[in-house]
Structure formats: C-alpha cells, structure tokens
Protein chains: 2
Amino acid sequence: MARSWATFGVDLHLEPTGPQLRRGLTDALREAVRSGRLPSGTRLPSSRSLAVDLGIARNTVADAYADLVAEGWLTARQGSGTRVAEGRVAPPSGAGPRRPERRAPAYDLRPGTPDLASFPRAEWLRAARRALTDAPSDALGYGDPRGRVELRTALAGYLSRARGVRADPEHLVICGGFAHGLKLLTTVLRARGTRTIAVESYGLDEHWRLLAAAGLRTVPLPFDALGTDPGEWKGPGAVLLAPAHQFPMGAPLHPDRRAAVVNRARHTGGLVLEDDYDGEFRYDRQPVGALQGLDPDHVVYLGTASKSLAPGLRLGWMVLPPGVAQEVTAAKGGVDTSGVLDQLTLAEFITSGAYDRHVRAARLRYRRRRDALVAALAARAPAIRVTGIAAGLHAVLRLPPGMEEAVVRAAAGQGLAVDGLVPRYRHPDAVTEPLDALVVGYGTPPDHAWSGALDALSRALSFGENGSGISFPGPDLG
Amino acid sequence: MARSWATFGVDLHLEPTGPQLRRGLTDALREAVRSGRLPSGTRLPSSRSLAVDLGIARNTVADAYADLVAEGWLTARQGSGTRVAEGRVAPPSGAGPRRPERRAPAYDLRPGTPDLASFPRAEWLRAARRALTDAPSDALGYGDPRGRVELRTALAGYLSRARGVRADPEHLVICGGFAHGLKLLTTVLRARGTRTIAVESYGLDEHWRLLAAAGLRTVPLPFDALGTDPGEWKGPGAVLLAPAHQFPMGAPLHPDRRAAVVNRARHTGGLVLEDDYDGEFRYDRQPVGALQGLDPDHVVYLGTASKSLAPGLRLGWMVLPPGVAQEVTAAKGGVDTSGVLDQLTLAEFITSGAYDRHVRAARLRYRRRRDALVAALAARAPAIRVTGIAAGLHAVLRLPPGMEEAVVRAAAGQGLAVDGLVPRYRHPDAVTEPLDALVVGYGTPPDHAWSGALDALSRALSFGENGSGISFPGPDLG
C-alpha cells in the first residue's frame, strides 16, 4: 500500500497520548470505514507497522483492531490479515428530507392548549423536590401498571371532591392524556366485540381519527336546540360524550339526557365514555358534576392535566368500572406507561393544595379573558353571537352563513390563527345543518399577546360592510 | 314528610355559614342521594321551607337544587316539585376485590432492575431545575410526536460517541422504554404485512408475549457454542437481537454473525431490531459498538434509561431508518407520548456531563458487585460456573442438570428471590437443549442488602452435598 499510515493517522485527528488513545484510534478507524475513506476489502497494515507509523504501542493498535472486528467493521482471517469488511454501506445518505419549518402565526387563538406561560414552574419544582426526596427507592422501578398509588389516591380524593366522581384508587388508571386513555379503551372495546361507537356531531377530528384507526366506526348523534341528543344510541357498545361542556359548542348535556344515556348504558350493558377535559373551568355557576357519579359501573370518566396544567406533562386519568380497569391494565401491556417522577410530583401538587390554588388562579385569569373577549366583540363586532362561554377555554363565534372560510382567511391576513368550526370540529357524517362559526381558544395566547390577539380577531371580523362589522341576515341567529 | 329537614341538615354536617355553603349543601344532598338516604322518587321540601329549616338564604337552596337537577340527581317538574331522580344506583358496592399484598422477599436478585437506591436524585433535581427554567413555554404544549428536539439532539450525540450509533435527531424517536418502542414497531411491522419475527432462543418472556399479543408469531433462532445463530432468519420481516450483550446468556453476537445478519437484512429489505438494553455497562474491555452503525437503513436501534438510570423514568429511544421513523410516528398517533419535563431534564442531564459521570460511577459499582459475586461463589460454591459476566447487571450461574427448580426453592427458603433460566428466559419453542441455571441480577439490591443477598445465594447453592457445595457431574460444564 502506497498510502502513508502515519499521515492517515494525522488525518484522523489522533492525539497519540493519554488514556483515551485506544478509544480514539478505534473511533477514528471506524469513522474512516464509515465515511468510505477505507473502502471494503482494504487490507490494513499489521498492528506492528501501524504502531510504528503512529508511534504508539502495538497492543493499542491490536486492541483497536479487535474492537472493530468484534463490531463487524473489520475482518481478521488467518493468512489474509485484517481487512475492511465487505458490504459496508455507502457514506451516510444525509438526514433525509427535513420538515419545512412552518412559520408560527403572530397570534394564536386555536383552542386546545391552555396558557402555557402561566404553568406554575416554581411551585411544580418545589413539589418535584419534595416528591423525589420523599419517594422510596422502589418507586423508581417498574411500577403498578395502573400508575403510582400516591397519584391515584390524590386524584380519587380530588375528583370526588371537585367533580362528584365516585373514585376508588383501585380502579383509577393513570394514562398519558385523554387520547392515550381513549386508545386503551378502544383495545378493550374491540376485544369485547364493539365495532361502532356513537360520538357527538361536534367534537375533535383527532379523536374520530383515533377511533377509526382502532377499527371503530364513529356514528354521530343528532344535535338539536338542546345540544347533543344521545337518544339514538341504543347500546350496548359505547358512546363518547363531553357531558359537562360539549366541545366545542359549550353547553352541558341536558339533565334529562344525562339520566337517559346512563339508563341506556345500564340496561344494555354499554359504556358511556365521559370526556371531562376542562371540568375545572366553569365561571358563572358551579361546575356540572361528573356523569360518572350517576353510575360508576357504566360510565368511564376521563380527565387530564392537559388543560388544567399543561399538555406536555402527558398525564391523564381514567376512573373505570372494576372489570374495565383490569382490561385497561392488560391493554397497557401490564406496565406503567407514565413517568413516575411526574406522577409523584402531581400527587404532591394536589395533596399540598397547590393544584387547587393553581386552578383557582387560572379560572380567574381565563374568566377575565372571556370577559374581555365578550366586551371586545360587543364593542367592535356587535352582530357576532358568542356562545359556549359559561365554561372552558374557548368560545364559539357564530358567523353569517357562508362566511366561515372568509373570516378564517381574513384572520390569517392579520397574522391570527383561528379555527373555523366545520373543518375540524363537525363530524363529516353529521346530519346537523352545518353552522358557520369560529372556535376561539382564548386560553392559548400568553398574557403579553392576548390584547394583540383580540385586536386581530376584531379586525378580521370587521372586514365586511365597509369595516363596520358583520351584520347577521336573520333574527334566528341573534 | 315527617322527616325533620333541619335534623337532616345537621346529619349532613352542614356548616351553614361562609362562602362554601352552597357547595356544601350541594355535596351533602348529592351524598344523601348516593348513599340511599334519600331514595328515588323522594320529594324534597320546597327551597323556601328547607331554607327556613336550615336558616340559610332561599337562593342558596334553589341554586343547590338546580345544580343537582343539572347533574341528574334530582328532577324538577312543573307541579310535582323537586324529587330524587329515578334509577339511582345502589350504594357504592365497595372497592371490589383488592389485590392481595405480596410479601416482598428479604433479598432480590432477579434481573432487570438497576440499583434504584443509587438513582442520582440531587443531580436529577438540579438538571430538572435548569431544564424547566430554561424551557420556552411552548415546550409545555403538545409537542413533536418524535419527542423533544433537545433530548433527541443530546441522545444523537451521546449514542454516536458512546455506542457507535449513526444517529440523526430527525430519525430518533423517544418512547416510554424498550417495551413501548417494541410495541410501536409491531404496529409498523404488521402494517407492512409481517406476521412472524425471529427472536433469540434466550430472551425475556414479556417481550415474546408482547409480540404475540400484537399478532407476530415468534420463531426462536438456534443457539450454539458461539451464541445465537441468526443464519436461519432468511428475511424479510424482522429479527430481534441483543447483539452487544445477549440476554440473559451474556455473550456478544459473534462478529461473523453480526455482519451476516445485517447483510441478510440489506438484501431482503428486512429489519434487525437491536435491543441495546445495557450497552453502557461493560467491564473488561470497551463496549461492543452498536450493530446499527453497520447499516442504519436496516437496523432499528433501541435504547433505554431503564438500566442506566431507572425504569420509573419510562424513557427509551429508537434510532430508525428514515421511512420507519415516519411509520413509528404515525403509530404513536401523531402525538408525543412521554412527559416533556423528564425529556428536557434528561437532555440537560446528558449535555451537562452528569449522565457520563453517573454511568461511570454506576459501572464501577456494578463491576465491584460482579467481582464480589464471582469471589463469593469461588469461595463458597466453587463448582458453579459463572458466565455472562463481562458486561451488564446480571450473571448466569450454571447448575447441574435437573437442579434449577430445587435451587430456586432453596433460595426462596433463604428469603432470596432469584430466577431460574428456563421459565422466563428460554423460548418455549427453542430447540436448544434446556440448561439448568440461575439468572442473577446483581444490580438489583440496594447497597445495604447486597452482602446479605450474596450470603443467601451462597447458602442456597450449598444446600446439597452435606453443605459442601454443588459438584458438577461432568467436565463439559466446568
């Protein structure tokens, strides 16, 4: 070989001294093979001659060769010396297509995310310190597939007190948020032979897709002046509802219908899946208690920290009928799926009272935002009817028929991201007359962007009528 | 009604003052319905008369009634007053069967869990504080389904440096540990039409069960004097291997077989799933580099924090061929599944150098334990051959044929939990001659229990031959 191995060594940025020498030589040789600088079949110099070239001990080279033979980069055969192994791949083909960076809008009023800037970082860290300091070592092992008992106990107390849930820590299962809980339930339902699930005409497209991907056909229930009518769900199987606060339309499920759907589940052996995504945030009266309290044997209660704290925690919970709890645990594969440190921290956060304080402060903040939204629209787009504002982190702004797309586009022109009702929130098979509306998530912006977002929204809504605001054509929408 | 509502109020532990009055009344009435103290159909007093009885404002009572009507506990009908709704369920049926508490063994040498007492709590909390302080607010939202970019970048650097993995953060996906990663991959494989997967004759029964539950038949590969022989895997489809450190037998995959299995994957379009569960812990020489480095387009690399830090973190990672990365992301349902706080903390832990320090310290600790195990057995059970000790957190102790069950029982008699090889770690369809052996996880006990565990093990192994230790019948096992 004409190649100078000493030069090669320099190319490899070898520092031929110190305890890391063997490691450095191994890495450098591996990289040379990888990059194609040492092609397949190349015979390497003997360890003795490379050692002389590099001015290092022969054993160091022999060890590096042995490492790379063990890893499959080199082959060593009696009589043919050490060679670069055959079949090495071409040099790295690069990173593949990168996702194009989407430019973030200046303002974001899309629903679904709370004000992340108000996440109680300091309080959370204090709770984390206490929780991790107090935790027994075995809490860090493979845990109960239902989740840490500290968190299940804290949540059972909280949900019973704040949401009227009949919660036993034994039948409470921690999951990674609502979608994860729903996914686990689809496994249970499929195993029970369920193939369709009744859903509301209004909801979230992601949930419908998740259900469809799990092999459950979603059948939308009628939606009338009183809201969702679950009467067409004849059971058994399952029905998915957000009884405390219809998403995104905002009304609670009518009391008669609450009772009826639970009775139907009881008499047919079906399951009601109760999505209590933002039960904590009700402004003008006490929250509607959980449907689950009416019949814990036929209602699955699903709650989440995604709205009350932050989606990034990836923590949710299900309160389950005893039999279902076992099936869900099996669907988890018999292992806990959520990090124990966050679980222990949330348990401490709840039992110390920090959760209640946080929810109260957040409720006040969101209520002020809601009031500001209503006031701004009353002043600047008085024809817009705002609904669904008694609770939650979003409002529905009813628009004149046919205006939804135009207003969303006008908002985009103002640097404002806001969702129309139809594309994401109306079930494609819904028989309900499509309504033109915006779904405005007033929880989403951080405080400093809130008034700007409100301005942009008001401008987008006043683009018609010579800037004098949208006027509704008929009295039925007023 | 003859009943005294004032007395009833007292029964309900009402504190008829303060701002929580309405809430307290609502809760108390709900509980009375729930418990059956107010049976279905019971007509409640008018709000006026109950208010007088309780000495509180009428509106408070009316509001409480309205709450409970909205929740479905009560019904209000023109002309028939307010009644307890029909169809209330019986009083809570109790908690259902509790799991019997299994008494923990005094000593535990079952493999799979590292020494949890040495989890670096203080360092972890420091990293958590820095990570949460530095994180932008939007890190707390619904994130990239692949996981936080900070962690993917930190891991790509670490895995490239420490394990010879060719890792691009774009194709690195965070998961909740090895089992979660494997589960996601089963979805991808099933969607590609794969119905069988080659596995090693020795492995972990939980993984085989997970694969079977996902609809993949596991076909064990032969195991000979050189270890696992993947030659019978003809591709395409997939093969699951632990090339750096066969579990539990301990040998690295033979260099020729490393090259051959990667070539087979390349030529057939199959996938090698590389389980690198404890690649950091190798004691007598440098770790064998990852198989993935040989061909990142056909090897899926799976790593985990479960052995290097703690299973309770529920953090693992996959380095994937670009196409597979997209399929895995879809299998995740398009959402991140791991808590961002732990992800950001681990990223900070790695980039600050704390992870390297922790791994070095843990390696030293485990190596001392391994040495103590080998020395104790040499002194007290000299006939026992100990294998698989060059790396990892466990050793295999070969026993005379037919002795496995008896030794496990003898250990239990010493308060020591230890696993036999056959029940959990030998594939039921393996054609390999069953070996009698113990799988000893020397990482499991906390420091204070280590010498006691070692004593108990030594006693269990010396129960035969009048306490003079087990002697092997033939030279082939020596």
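Residues numbered from 1 in each chain as written. Chains lettered and ligands numbered in written order. Predicted model: local features only at pLDDT ≥ 70, side-chain atom pairs only at ≥ 80, totals over all residues. Heavy atoms only, no water.

1. Re the domain arrangement of chain A
All names here are of chain A. In plain terms, the rule: Per the annotation, domain bounds derive from an automatic or database assignment of domains. The criterion used for residue contact is that any of the two residues' heavy atoms lie within 4.5 Å. Here's the idea: put two parts together, see how much 1.4 Å probe accessible area each one loses, and the total over both is what we call buried area.
Per the domain assignment, the segments making up chain A are domain 1 (1–94), domain 2 (118–353) and domain 3 (357–468). One C-alpha centre belongs to domain 2, the other to domain 3, and the line joining them spans 27 Å. Between domain 2 and domain 3, the contact holds 33 residues from the first and 32 residues from the second. Each partner contributes to the roughly 2,800 Å² buried at the junction of domain 2 and domain 3, and carbon and sulfur atoms together form 56% of this total. Broken down residue by residue, the surface that domain 2 buries against domain 3 is led by Tyr-202, Phe-281 and Tyr-283, which jointly contribute 26%.

2. Digging into the confidence of the model for chain A
Residue and element names in this part refer to chain A. Cut-off, in case you're wondering: Along the chain, pLDDT gives the predictor's confidence residue by residue, from 0 to 100.
For chain A, per-residue confidence averages 86 on the pLDDT scale, and residues scoring 70 or more make up 88% of the total. Note that pLDDT drops below 50 for residues 89–101; the model gives that stretch 19 contacts with residues more than four away or on any other chain. Confidence drops under a pLDDT of 50 for residues 464–468, and excluding neighbours within four residues, the segment shows five contacts in the predicted structure. The ipTM for the predicted assembly is 0.80, set against a pTM of 0.81.

3. Side note on the relation of the copies chain B and chain A
Quick note on the threshold: A residue counts toward the fit only if its pLDDT is at least 70 in both copies, and the copies are then superposed by least squares on the C-alpha atoms of those residues.
Its rotation angle being 180 degrees, the transformation that places chain B on chain A also includes 0.1 Å of axial translation and leaves an RMSD of 0.1 Å. What the superposition gives is, in effect, a two-fold axis relating one chain to the other.

4. Thoughts on the environment of His-180 of chain B
All names here are of chain B. Note the cut-off: Helix and strand assignments come from DSSP, with helices taken as H or I runs of at least 4 residues and strands as E runs of at least 2, each series counted from the N terminus. Here the term buried applies to any residue with accessible area under 20% of the maximum for its type, exposed to any over 50%, and partly exposed to those in between, with areas from a 1.4 Å probe on protein chains only. Here a polar contact is recorded for every N or O atom pair within 3.5 Å, except that within protein the pair must consist of a potential hydrogen donor and a potential acceptor, and residues adjacent in sequence are included only if both atoms are side-chain atoms.
Checked against the element boundaries, His-180 lands in helix α7 (residues 178–191). Judged by its relative accessible area of 25%, His-180 is partly exposed. Along the sequence, His-180 and Gly-316 sit 136 residues apart, while their C-alpha atoms lie 8.2 Å from each other. From its side chain, His-180 meets the backbone nitrogen of Gly-176 in a polar contact 2.9 Å long.

5. As for the sheet that holds strand β14 (residues 394–398) of chain B
All names here are of chain B. So the rule is basically this: The criterion for strand pairing is that DSSP finds at least two bridges linking the strands in question.
Taken together, four strands build an open sheet; the order of strands is β13-β14-β17-β16 and the sheet is antiparallel. Lying at the two open borders of the sheet, with one neighbouring strand each, are β13 (385–387) and β16 (419–420). Examined bridge by bridge, β16 and strand β17 (residues 437–441) share two bridges and lie antiparallel to one another. The residue of β17 that forms the bridge with Asp-419 is Val-439.

6. Let's talk about helix α4 (residues 58–71) of chain B
All names here are of chain B. Spelled out, the test is: Given the number of residues in a helix, its expected span is that number minus one, multiplied by 1.5 Å.
The terminal C-alpha atoms of α4 lie 20 Å apart, and with 14 residues this matches the ideal 20 Å at 1.5 Å per residue to within 8%. Looking only at α4, the buried set comprises Thr-60, Val-61, Ala-64, Tyr-65, Asp-67, Leu-68, Val-69, Ala-70 and Glu-71. Count one or two residues on from α4 and you reach Gly-72, which has phi positive near 95 degrees.

7. Quick word on the sheet that holds strand β13 (residues 385–387) of chain A
Residue and element names in this part refer to chain A. One open sheet accounts for four strands, arranged β13-β14-β17-β16; its pairing is antiparallel. At either end of the open sheet lies a strand with only one pairing partner, and these are β13 and β16 (419–420). By the bridge criterion, five bridges tie strand β14 (residues 394–398) to strand β17 (residues 437–441) in an arrangement that is antiparallel. Within the sheet, the bridge partner assigned to His-394 lies in β17 and is Gly-441.

8. Thoughts on the interface of chain B and chain A
Selection criterion: We count a salt bridge whenever a side-chain nitrogen from Lys or Arg sits within 4 Å of a carboxyl oxygen from Asp or Glu.
Tallying the contact residues gives 82 residues for chain B and 81 residues for chain A. Around 6,900 Å² of area is buried between chain B and chain A when both sides are counted, 49% of it from carbon and sulfur atoms. Counting across the chain B and chain A interface gives zero salt bridges. Linking chain B with chain A are 12 residue pairs in polar contact (both at pLDDT 80 or more).

9. What about the pairing of strand β4 (residues 172–175) of chain B?
Residues and elements named next belong to chain B. Burial along β4 is two-sided: Leu-172 and Ile-174 facing one way and Val-173 and Cys-175 facing the other are all buried. Bridge analysis of β4 against strand β12 (residues 316–319) gives four bridges, and the strand direction is antiparallel. Bridge pairing in β12 places Val-173 opposite Met-318.

10. Remarks on the packing of helix α7 (residues 178–191) of chain A against helix α11 (residues 322–331) of chain A
Residues and elements named next belong to chain A. Threshold: In this analysis an axis means a line fitted to C-alpha atoms, helices contributing only their contacting stretch, and an angle means the value between N-to-C directions, from 0 to 180 degrees. Here is the rule for angles: anything less than 35 degrees is roughly parallel, anything more than 145 is roughly antiparallel, 65 through 115 is roughly perpendicular, and the remaining ranges are oblique. As a working rule, the residues Ala, Val, Leu, Ile, Met, Phe, Trp, Tyr, Cys and Pro are called nonpolar, Asp, Glu, Lys and Arg charged, and the rest polar, with Gly in that last group.
At a closest axis distance of 9 Å, the pairing of α7 and α11 adopts a crossing angle of 110 degrees. Taken together, the axis directions place α7 and α11 in an arrangement best described as roughly perpendicular. Residues Leu-184, Leu-185, Thr-187 and Val-188 of α7 lie in contact with α11, whose contacting residues are Val-324, Glu-327, Val-328 and Ala-331. Residue composition of the contact of α7 with α11, grouped by class: six nonpolar, one polar and one charged.

11. Considerations on the packing of aromatic side chains
Geometry of an aromatic ring pair is reported as the spacing of the ring centres plus the angle between the planes. To keep it simple, the criterion reads: Pairing of aromatic rings covers Phe, Tyr and Trp, the last through its six-membered ring, and needs centres within 6.5 Å; plane angles under 30 degrees mean stacked, over 60 mean edge-to-face, and all others mean tilted.
In this structure the tally under the stated criterion is 16 aromatic pairs over all chains. Geometrically, the ring pair formed by Tyr-158 of chain A and Tyr-355 of chain A is edge-to-face, given 5.0 Å between the ring centres and 90 degrees between the ring planes. Residue Tyr-158 of chain A is found in helix α6 (residues 149–163), and its partner Tyr-355 of chain A is found in helix α13 (residues 354–380); the two are separated by 197 residues along the sequence. Considered together, Tyr-158 of chain A and Tyr-355 of chain A belong to a single accessibility category, that of buried residues. Aromatic side chains Tyr-202 of chain B and Phe-223 of chain B sit 4.9 Å apart centroid to centroid with 80 degrees between the ring planes, which places their arrangement in the edge-to-face category.

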